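One letter stands for each residue in the lines below.
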Amino acid sequence: MSDDRDDMGQSDMGLVVVGAGGRMGQALIRAVHDMPGARIAGAVERPGSPALGRDAGELAGIGPIGVEIGDDPLPVFARADGVLDFTRPAATVEFAGYAAQARIVHVIGTTGCTAEDDAKIAAAARHATIVKSGNMSLGVNLLAVLVEQAARALEARDFDIEILEMHHRHKVDAPSGTALLLGEAAAKGRGIALADNEVRARDGQTGPRPEGAIGFAALRGGSVVGEHSVVLAGTGERITLGHQAEDRAIFARGAVKAALWAHGKKPGLYSMRDVLGLN
Ligand SMILES: NC(=O)C1=CN([C@@H]2O[C@H](COP(=O)(O)OP(=O)(O)OC[C@H]3O[C@@H](n4cnc5c(N)ncnc54)[C@H](OP(=O)(O)O)[C@@H]3O)[C@@H](O)[C@H]2O)C=CC1
Ligand SMILES: O=C(O)C1=N[C@H](C(=O)O)C[C@H](O)C1
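An unreviewed UniProt entry lists the protein chain under the name 4-hydroxy-tetrahydrodipicolinate reductase, with Manganibacter manganicus given as the organism. What UniProt records for the protein chain under Function (unreviewed entry) is the sentence "Catalyzes the conversion of 4-hydroxy-tetrahydrodipicolinate (HTPA) to tetrahydrodipicolinate."

Okay, here's the thing in structure tokens:
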């Protein structure tokens with residue numbers, strides 16, 4: 001644990017960044033470095049990663065911080081207060097188990113998890129304090145509240161809901177975690193289950209649109225950080241609610257704030273809406 005104590009004698013929260021060589025991993029290193037009350041307790045990458053042995057700060061562009069990227073999470077988790085995890089579903093499930101063993105905070109930004117992955121994460125939340133969200137930004141979580149309200153106010157027989165997202169060419173999952181989060185918000189507003197009403201793709205002779213469906217469309221290309229629009233399409237008018245992410249720093253700052261919020265909370269599975277007080 002840390003010796004870095006503030007004026008009140010409180011020590012900073014020690015955070016491990018897993019996937020430290022990735023796009024979000026590097027943004028997280030910078031965000032923890034800049035955030036009062038938090039410090040980097042470790043940096044982990046997958047075995048065989050070219051980032052192994054590098055200084056995490058140097059790789060993230062802030063200069064050396066004396067934290068070498070390693071490939072063994074267990075000893076690093078054992079001396080940390082929390083984990084920031086934007087990696088891949090299989091890795092995240094494994095890290096949730098380790099966070100549960102260590103009884104620490106696990107902030108999960110990884111998207112593309114299956115229902116089976118989510119069940120394992122929920123089981124880990126019996127012992128770990130987990131905050132999981134498809135989007136850690138303030139803007140998107142506020143947008144989700146607005147989408148829920150709009151979906152509640154506008155009836156399914158009058159307004160169709162379509163969710164459009166665009167991301168960079170490297171993204172490996174679709175629809176995005178954010179699109180699904182917004183779909184859940186719309187479904188909640190309508191009082192329906194997303195799983196029973198979602199249309200994830202359209203191709204060929206699709207037939208007319210079923211009333212009450214929530215449709216998704218995903219675009220991939222270039223360096224787009226993340227753009228989401230929720231279209232409520234009526235007859236003769238259309239409402240569009242949207243968010244454009246310009247910098248990954250918004251997700252990284254949100255994740256560090258989530259960790260600080262979760263520190264000392266009892267084990268359980270929390271969302272970013274809990275963290276931001278939007279529930
Ligand atoms: N919730 C949110 O607010 C946000 C969520 N995301 C999500 O975060 C995830 C990561 O995105 P991004 O940073 O762009 O992707 P990257 O591919 O750039 O980063 C993922 C990193 O995790 C590493 N990794 C994979 N497996 C392991 C493992 N077992 N142990 C340690 N590290 C591992 C990868 O290594 P390698 O490349 O060598 O395999 C890579 O460095 C995605 O699911 C994305 O959708 C992204 C932005 C915001
Ligand atoms: O992969 C990304 O980049 C992003 N993933 C998240 C998602 O799937 O919604 C969040 C953000 O849009 C960037």
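What follows picks up the thread again.
S.K.: I keep staring at the overall build of the protein chain and nothing clicks. Help me out?
M.R.: Tallying secondary structure elements over the protein chain gives 10 helices and 12 strands in all. For 279 residues, the compact-globule formula gives about 19 Å, and the C-alpha radius of gyration of the protein chain, at 20 Å, lands near that figure. A burial count over the protein chain gives 49% of its 279 residues as buried. Excluding contacts between residues fewer than 6 apart, the proportion of contacts in the protein chain whose partners are at least 24 apart in sequence is 70%. Counting only carbon and sulfur atoms, one obtains 49% of the accessible surface of the protein chain, whose full area is about 13500 Å².

S.K.: It is not clear to me how the nonpolar core should be interpreted in this structure. Could you clarify?
M.R.: Side chains of nonpolar character tend, in soluble globular proteins, to be buried together. In this structure, L15, L28, L84, V107 and V256 are the most contacted members of the largest nonpolar core, which totals 38 residues. Among the secondary structure elements, those contributing two or more residues to this core are β1 (13-18), α1 (23-34), β2 (38-44), α2 (56-59), β5 (105-108), α9 (249-262) and α10 (272-275). Element by element, the count of residues in this core is highest for α9, at seven residues. If we ignore the near neighbours within four places in the chain, the residues touching V107 are V83, L84, D85, V131, M136, A255, A258 and A259.

S.K.: Quick question: what am I supposed to make of helix α5 (residues 115-124) here?
M.R.: Because the α-helix completes a turn every 3.6 residues, residues three or four places apart line up on one side. Where α5 is concerned, the buried positions are D117, I121 and A124. Projection of α5 onto a plane perpendicular to its axis shows the buried side chains occupying an angular sector of 55 degrees, all on one side. Structural note: α5 exposes A115 and E116 on the side pointing more than 90 degrees away from its buried face. Contacts from the buried residues of α5 go to α4 (89-102), β5, β6 (129-132) and β12 (268-270).

S.K.: Please clarify how the UniProt feature "binding site: (S)-2,3,4,5-tetrahydrodipicolinate" (unreviewed entry) in the protein chain should be interpreted in this entry.
M.R.: Following the UniProt record, the feature "binding site: (S)-2,3,4,5-tetrahydrodipicolinate" (unreviewed entry) maps to H168, G177 and T178 here. Looking only at the residues we just named, the largest pocket is lined by H168, G177 and T178. Mapped onto the elements of the fold, G177 is located in helix α7 (residues 177-190). Exposure remark for G177: the relative accessible area of 13% places this residue in the buried category. Setting aside chain neighbours within four positions, we find G177 in contact with T111 and G134.

S.K.: For this particular structure, what's the right way to read the sheet that holds strand β10 (residues 226-233)?
M.R.: Within a sheet, neighbouring strands are paired by backbone hydrogen bonds and run either parallel or antiparallel to one another. If you trace the five strands from one edge of the open sheet to the other, you get β8-β9-β7-β10-β11, paired in mixed fashion. At either end of the open sheet lies a strand with only one pairing partner, and these are β8 (198-199) and β11 (238-245). As paired elements, strand β7 (residues 160-167) and β10 share seven bridges and run antiparallel to each other. Considered in β10, the bridge of E165 is made with H228. Contacting β7, β10 and β11, helix α6 (residues 138-153) crosses the sheet at an angle of about 170 degrees to β11.

S.K.: How do you make sense of the sheet that holds β5 when you look at a structure like this?
M.R.: Within the open sheet, the seven strands sit side by side as β3-β2-β1-β4-β5-β6-β12. Their pairing is parallel. Whereas interior strands pair on both sides, the edge strands pair on one side only; in this sheet they are β3 (69-70) and β12. Taken strand by strand, α1 contacts β1, β2 and β4 (82-85), and its axis lies near 155 degrees from that of β2. Helix-sheet contacts for α5 involve β5, β6 and β12, and the interaxial angle to β6 is about 145 degrees.

S.K.: Would you take a moment to explain the site of ligand 1 for this structure?
M.R.: Not every one of the 22 residues close to ligand 1 is listed here, only the nearest: R23, M24, E45, R46 and T111. Between ligand 1 and the protein, one listed contact pairs a nitrogen atom with a backbone N or O atom of G134 at 3.1 Å. Across the complex, the protein chains shield 82% of the 910 Å² of accessible surface that ligand 1 would expose by itself. In this structure the site holding ligand 1 corresponds to the largest pocket. Every element with two or more residues in the shell around ligand 1 is listed here: α1 and α4. By residue class, the composition of the shell around ligand 1 is six nonpolar, 10 polar and six charged.

S.K.: Hey, could you run me through the pattern of salt bridges in this one?
M.R.: Think of it this way: side chains of opposite charge can pair up when their charged atoms draw near. This structure, assessed with the given rule, holds 11 salt bridges. As a salt-bridge pair, K132 and D118 come within 3.2 Å of each other at their nearest N and O atoms. Here D118 lies in helix α5 and K132 lies in strand β6, a separation of 14 residues in the sequence. The class for K132 is partly exposed, based on a relative accessible area of 22%. The residue E148 makes a salt bridge to R152 at a minimum N-O spacing of 2.9 Å. Here the residue E148 and the residue R152 both occupy positions in helix α6, the gap between them amounting to four residues, near one helical turn. For R152, a relative accessible area of 48% translates into the label partly exposed. Through salt bridges with shared partners, one network takes in E148, R152, K188 and R273.

Definitions and limits used
Residues numbered from 1 in each chain as written. Chains lettered and ligands numbered in written order. Predicted model: local features only at pLDDT ≥ 70, side-chain atom pairs only at ≥ 80, totals over all residues. Heavy atoms only, no water. UniProt positions renumbered as here; feature names shortened; annotations may be inferred. Helix = DSSP H or I, 4+ residues; strand = E, 2+ residues; numbered from the N terminus. Rg over C-alpha atoms; globule rule 2.2 N^0.38 Å. Buried < 20%, exposed > 50% of the residue type's maximum accessible area, 1.4 Å probe, protein only. Contact = heavy atoms within 4.5 Å. Areas by Shrake-Rupley, 256 points an atom, 1.4 Å probe, with all protein chains shown as cover. Core = buried A, V, L, I, M, F, W, Y, C linked by side-chain atoms within 4.5 Å. Arc of directions from axis to C-beta. 1 Å grid on protein atoms, 1.4 Å probe; cavity = no way out; pocket = protein on both sides within 12 Å on 5 of 7 lines; lining within 4 Å. Pairing = 2+ DSSP bridges. Axes fitted to C-alpha atoms, helices over the stretch in contact; angles between N-to-C directions. Near = heavy atom within 4 Å. Polar contact = N/O pair within 3.5 Å; in protein donor to acceptor, adjacent residues only side chain to side chain. Sits in = over half its atoms within 2 Å of the grid points. Nonpolar A, V, L, I, M, F, W, Y, C, P; charged D, E, K, R; others polar. Salt bridge = Lys/Arg side-chain N within 4 Å of Asp/Glu carboxyl O.

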